[in-house]
Amino acid sequence: GLQVPLSHSGRFCPNSHPSDEHTMSVFHINGYHKVKFRKCRCSDKDMWELLLEAGVFPATEKNPQTGFTIALLRHQRTCSLRGK
């Protein structure tokens, strides 16, 4: 299945394997999606740091299972500010 690489400028880490996937529910403007991410093995960054670099804000720092895209957070902020 489709996997989203984390780190390496959008390319898969040469040290990772397809079985290194991490499945999350990601909420976007058009709904939520189950997305499979493949973590970089040569980096010492935590998963939440790699997700932020990819444009996904994780709900928790430890073992995130849910995330929100930066586009969704900007959309929510715009709706909130205009609704006041």
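Throughout this description, residue numbers start from 1 for each chain and increase along the sequence as written. With the structure being a predicted model, the display of local features is reserved for residues of pLDDT at least 70 and the display and counting of side-chain atom pairs for 80 or more, all residues being used for whole-chain, interface and lining totals. Hydrogens and water are ignored here; the side-chain numbers use all heavy atoms of the structure.

1. A short note on the state of the cysteines
Throughout, a disulfide means two cysteine sulfur atoms within 2.5 Å of one another. Overall, the coordinates contain zero disulfides when judged by the stated rule. Summary of cysteine pairing: Cys 42 is not part of a disulfide, and the nearest cysteine sulfur, belonging to Cys 40, is at 3.3 Å.

2. Notes on the side chain of Ser 25
Comment: elements are numbered from the N terminus, with helices defined as DSSP H or I runs of at least four residues and strands as E runs of at least two. For Ser 25, the location among the structural elements is in strand E2 (residues 21-28). Only protein chains enter the accessibility calculation, which uses a 1.4 Å probe. A residue is then buried if its area is under 20% of the maximum for its type, exposed if over 50%, and partly exposed in between. Accessibility expressed as a relative area gives 12% for Ser 25, which makes it buried. Definition of a polar contact: a pair of N or O atoms within 3.5 Å, with one able to donate and the other able to accept a hydrogen when the atoms are protein atoms, and with sequence-neighbouring residues admitted only if both atoms are side-chain atoms. Among the polar contacts made by the side chain of Ser 25, one reaches the side chain of Lys 34 at a distance of 3.1 Å. Should any heavy atoms of two residues lie within 4.5 Å, those residues are counted as being in contact. Other than its neighbours up to four places away in sequence, Ser 25 contacts His 33, Lys 34, Gln 65, Thr 66 and Gly 67.

3. Some remarks on the pattern of salt bridges
In what follows, salt bridge is the name for a side-chain nitrogen of Lys or Arg lying within 4 Å of a carboxyl oxygen of Asp or Glu. All told, the structure shown has two salt bridges when counted by the stated rule. A salt bridge links Glu 53 to Lys 45, with the nearest nitrogen and oxygen atoms 2.4 Å apart. The partly exposed category is assigned to Lys 45, whose relative accessible area is 30%.

Distances and angles like these do not, on their own, reveal function.
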